[in-house]
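Here is how the chains run, residue by residue.
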Amino acid sequence: MTMSAASWLPLSPGERSVAIEVLVHGPLSRTELARRLGLSAGSLTRLTKPLIETGLLVEVPDAGGAEARQGRPSQPLDVVADSRSFIGYKITADMVYGVVTTLRSEITARHDRPLTTHDPAEVAGLLGEMTAELIREHPRVAGIGIGVGGLVEDRATVGENPFLGWRDVPLAALVEERTGLPVVVENDVAALVEAETWFGAGRGLDRFVVLTIGAGLGYGLVLGGKRVPNTEEDRGFGRHWIIDPYGPLTPDGARGSAVSLLTIPSIRYQIRAASGRDLGYEEILALAAEGEPMAARVVEEAARALGTLVAQISNFVMPQKILLAGEGVGLMDVAGKTVHETLRAHRHPLAMPVDLETKVSDFHDWARGAAVLAIQVLVLGATDV
């Protein structure tokens, strides 16, 4: 039997730990679950009973694991991934990207709409229309997550967003009014980091970094398996991280900063300032791959900057893995060799190699990240994630 999402709340800290462990790593036998959480068999039974009764956890057939071989009838525990759906939105300056996911964040539908206004009420209205369309096909929606650039306060209010020109916009309340569903709002990079930590490249890792390249530069740090909150998220990372003090000066970053060297608008600006040609990012990468001198110089400089930045992060944080994501990662296809050569040059010769994973992603991955925030906060009550 499955219940509404609200009937799963509130979870005690112990129940929440069990639910998260099964959600992220399940199905798990009771023996393995108790071992992972350091619980006795009796304590685990006490914590799992209400989760099973309300339908958050279910027993599933054992695929012939150790418990079955030893004659114990205990069945592994799992979540019913499709018992509820979650909507995630990523808002850019000119588009809203939407996805529907399962409880385990698998994307089951996509729905995008152009954004023709930045008026908060009208944007909320558009999200309401998109939600109504998605619910017609996916009626078991439990909540909505929204990812936006800039500073987000209390997972409800957009404190500052330079792409939309917003300040102190109560976006969660505006969308809740139009949808009747609970809404959580978060910085888009933070949401992506949470998704990758729970369900992606960082799952099970103690020290993990996400670095995103696109319209801006994003950075997320995971220590002890949890994202480190940053009160200045997306308010200046990279703008003052100087890679080359003699490098280019662009409108959005200090001279030779990571932003001036690496972001898509800065790379386009450098080409336009030098040649007068207004080229798209993919066009610039293609020209660089063909050996066109101006494009090749700008792209190689960006690649050296990326290698330096990754090396500096590795030297100070010592992460087990760095995930490079965002719409600008095509740089690795054209100049990945330069990135890795620069990275090695800025590391100690005996240092462990950096596990640098590149994720070819689009804005639906960012929307999925927002849906994961909805899963964490709205279903599990994990307000401390």
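Note that the structure is predicted; figures quoted are calculated from it, not measured. Within each chain, residue numbers correspond to sequence positions counted from 1 in written order. In keeping with the model being predicted, local features are shown solely for residues with a pLDDT of at least 70 and side-chain atom pairs are shown and tallied solely at 80 or more, while totals for entire chains, interfaces and linings include all residues. The side-chain figures draw on all heavy atoms in the structure; neither hydrogens nor water molecules are used.

1. Considering the pairing of strand β3 (residues 85-91)
Under the scheme applied here, a residue whose accessible area is under 20% of the maximum for its type counts as buried, over 50% as exposed, and between as partly exposed, the area being computed with a 1.4 Å probe on protein chains only. Numbering of helices and strands starts at the N terminus; helices are DSSP runs of H or I of at least 4 residues and strands are runs of E of at least 2. Counted residue by residue, β3 has 7 buried out of 7 residues, so it is predominantly covered. Here β3 shows a buried face lined by Ser85, Ile87, Tyr89 and Ile91 and a second buried face lined by Phe86, Gly88 and Lys90. At least two bridges found by DSSP between two strands is the condition for calling them paired. As defined by bridge partners, β3 adjoins strand β6 (residues 141-148) across 6 bridges and the pair is classed as parallel. The partner of phenylalanine 86 across the bridge, within β6, is glycine 143.

2. Here's the deal with the packing of helix α10 (residues 281-290) against helix α11 (residues 293-317)
In this analysis an axis means a line fitted to C-alpha atoms, helices contributing only their contacting stretch, and an angle means the value between N-to-C directions, from 0 to 180 degrees. Where α10 meets α11, the closest approach of the two axes is 7 Å, and the angle between their N-to-C directions is 105 degrees. It follows from the interaxial angle that α10 and α11 lie roughly perpendicular. The residues of α11 that touch α10, namely those facing Ile284, Leu285, Leu287 and Ala288, are Ala295, Ala296 and Val299. Under this scheme an angle from 65 to 115 degrees is roughly perpendicular, one under 35 degrees roughly parallel, and one over 145 degrees roughly antiparallel; angles in between are oblique. Should any heavy atoms of two residues lie within 4.5 Å, those residues are considered in contact.

3. Notes on the environment of arginine 347
Structurally, arginine 347 can be placed in the loop between α12 (330-345) and β15 (356-358). A relative accessible area of 19% places arginine 347 in the buried class. Once the C-alpha coordinates of arginine 347 and leucine 249 are considered, the two residues, 98 residues apart in sequence, prove to be 27 Å apart. Setting aside its immediate chain neighbours within four residues, arginine 347 contacts Ala311, Ser314, Asn315, Met352 and Val354. Here the side chain of arginine 347 touches asparagine 315 through a polar contact of 2.9 Å, side chain to side chain. We call two N or O atoms a polar contact when they sit within 3.5 Å, provided that within protein one can donate a hydrogen and the other can accept it, with sequence-adjacent residues counted only if both atoms are side-chain atoms.

4. Focus: the sheet that holds β6
Reading across the sheet, the 5 strands line up as β5-β4-β3-β6-β10 and stay open at both edges, with mixed pairing between neighbours. Looking at strand neighbours, the two that pair on one side only are β5 (107-114) and β10 (183-187), the edges of this open sheet. Mean inter-strand twist for the sheet, computed between neighbouring axes without regard to direction, equals 20 degrees. Docked against the sheet, helix α5 (residues 120-137) engages β3, β4 (95-101), β5 and β6, running at close to 145 degrees with respect to β5.

5. Some points on the packing of aromatic side chains
Working definition: rings of Phe, Tyr and Trp (its six-membered ring) pair if their centres are within 6.5 Å, and the pair is stacked with planes under 30 degrees apart, edge-to-face with planes over 60 apart, and tilted otherwise. This model, assessed by the stated rule, comprises 2 aromatic pairs. With a centroid separation of 4.8 Å and an interplanar angle of 25 degrees, the aromatic rings of tyrosine 97 and phenylalanine 363 are classed as stacked. Of this pair, tyrosine 97 sits in strand β4 while phenylalanine 363 sits in helix α13 (residues 363-379), and the two are 266 residues apart along the sequence. For the pair tryptophan 198 and phenylalanine 199, a centre-to-centre distance of 6.0 Å together with 65 degrees between the ring planes defines the contact as edge-to-face. No difference in accessibility class separates tryptophan 198 from phenylalanine 199, as the two residues are buried. Consider the ring centre and the ring normal. A charge sits over the ring if Lys NZ or Arg CZ is within 6 Å of that centre and within 35 degrees of that normal. Across from the ring centre of tryptophan 366, 5.1 Å away, lies the NZ or CZ of lysine 90, which sits over that ring.

6. Points about the environment of leucine 217
Considering the arrangement of structural elements, one finds leucine 217 in strand β12 (residues 217-223). Once the C-alpha coordinates of leucine 217 and serine 260 are considered, the two residues, 43 residues apart in sequence, prove to be 10.0 Å apart.

7. A few points about the nonpolar core
For this analysis, a nonpolar core means a set of buried residues of the types Ala, Val, Leu, Ile, Met, Phe, Trp, Tyr and Cys, connected via side-chain atoms within 4.5 Å. Judged by nonpolar contacts, the single largest core of 40 residues is most densely connected at Leu262, Leu306, Leu309, Leu324 and Leu331. Counting only elements with at least two residues in this core, the list comes to β11 (207-213), β12, α8 (258-262), α9 (264-275), α10, α11, β14 (321-325) and α12. Tallying contributions element by element places α11 first for this core, with 12 residues. Those residues in contact with leucine 309 that lie beyond four places of it in its chain are Leu211, Leu217, Trp241, Ile243, Ala258 and Leu262. Formed by 32 residues, the second largest nonpolar core is a distinct cluster that contains Leu57, Phe86, Trp198 and Val372.

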